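Descriptive analysis of the structure
Below are the chains, spelled out letter by letter.
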Amino acid sequence: DTGVSQDPRHKITKRGQNVTFRCDPISEHNRLYWYRQTLGQGPEFLTYFQNEAQLEKSRLLSDRFSAERPKGSFSTLEIQRTEQGDSAMYLCASSKYRENYGYTFGSGTRLTVV
Amino acid sequence: GESVGLHLPTLSVQEGDNSIINCAYSNSASDYFIWYKQESGKGPQFIIDIRSNMDKRQGQRVTVLLNKTVKHLSLQIAATQPGDSAVYFCAENRGGDEKLTFGTGTRLTIIP
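This text gives an overview of the structure that appears in the document. (Residues numbered from 1 in each chain as written. Chains lettered and ligands numbered in written order. Predicted model: local features only at pLDDT ≥ 70, side-chain atom pairs only at ≥ 80, totals over all residues. Heavy atoms only, no water.)

What chain B contains, in helices and strands, is zero helices and 10 strands. Along chain B, helices (α) and strands (β) appear in the sequence β-β-β-β-β-β-β-β-β-β when read from the amino end. Over its C-alpha trace chain B gives a radius of gyration of 14 Å, about what one expects of a compact globule, namely 13 Å for 112 residues. With the C-alpha coordinates aligned to their principal axes, the bounding extent of chain B is approximately 40 × 25 × 20 Å. Residues counted as buried form 43% of the 112 residues belonging to chain B. Long-range pairs, those at least 24 residues apart, make up 55% of the contacts in chain B with a sequence separation of at least 6. Summing over all exposed atoms, chain B offers an accessible surface of approximately 5500 Å²; the carbon and sulfur share of this is 46%. Put simply, chain B has 11 plus and 11 minus side-chain charges, and the middle of one group is 3 Å from the middle of the other. (Helix = DSSP H or I, 4+ residues; strand = E, 2+ residues; numbered from the N terminus. Rg over C-alpha atoms; globule rule 2.2 N^0.38 Å. Buried < 20%, exposed > 50% of the residue type's maximum accessible area, 1.4 Å probe, protein only. Contact = heavy atoms within 4.5 Å. Areas by Shrake-Rupley, 256 points an atom, 1.4 Å probe, with all protein chains shown as cover. Lys, Arg positive; Asp, Glu negative; His and termini not counted. Charge placed at Lys NZ, Arg CZ, Asp CG, Glu CD.)

Structure representation (structure tokens):
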């Protein structure tokens with residue numbers, strides 16, 4: 001297992017376009033998390049899944065954001081009608097329920113909205 | 001690689017010396033704390049964790065101290081090496097709550 005994989009690593013998009021990011025967690029991990037990180041800040045929680053169920057969403061996750069984990073394996077995060085304020089690093093992490101809160105992060109997707 | 005933070009608190013330490021990175025947390029209900037290391041262009045990497053029923057925990061070259069009275073957490077790195085240069089974040093988790101709340105981070109630079 002190569003850890004948590006995120007794709008793409010970098011994405012540049014024009015304002016108003018839609019973007020979708022993918023996260024492949026560690027295979028035996030049933031929990032998957034999305035965080036957002038802006039320059040100079042620590043990661044901020046967006047949402048998390050246990051298997052295919054989305055159990056919590058942050059108020060940071062506006063209506064333009066949607067996340068899915070259809071088969072309880074990989075997850076996608078879509079941002080519709082991107083705004084410049086969406087520019088950030090989007091981090092995915094996974095963990096195994098009840099075993100380790102110190103979950104494993106991927107390398108992130110750097111989004112730049114121009 | 002790209003920087004993960006431009007205006008972070010910074011700490012410069014001579015190679016081979018020990019370093020101490022501090023973190024204040026705000027939620028007295030937090031019962032689990034983690035230190036992460038983040039290198040440029042990478043995601044946070046787990047270093048060490050501690051539960052609120054402990055006040056000290058040691059790993060390989062790292063020690064975490066927890067003072068619940070003043071809601072303070074510290075990470076001690078012994079015999080620092082150039083590879084320790086990174087941004088270090090503390091994170092807290094409240095029992096029953098799945099999300100982690102991260103601090104601002106400290107940039108550690110090891111001087112050769």
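There is more to say, and it comes next.
Here we take up the pattern of salt bridges. Scanning all chains against the criterion turns up seven salt bridges over all chains. Lys99(B) is the salt-bridge partner of Glu56(A), the closest N and O atoms lying 2.9 Å from each other. Taken together, the residues span two chains, with Glu56(A) in strand β6 (residues 53-57) and Lys99(B) in the loop between β8 (86-94) and β9 (101-102). The shortest N-O distance in the salt bridge between Asp86(A) and Arg64(A) comes to 2.8 Å. Placement of the pair is Asp86(A) in the loop between β8 (75-79) and β9 (88-95) and Arg64(A) in the loop between β6 and β7 (65-68), with a sequence separation of 22 residues. The buried category is assigned to Asp86(A), whose relative accessible area is 3%. Taken together, the salt bridges that share partners define one network made up of Arg64(A), Glu83(A) and Asp86(A). (Salt bridge = Lys/Arg side-chain N within 4 Å of Asp/Glu carboxyl O.)

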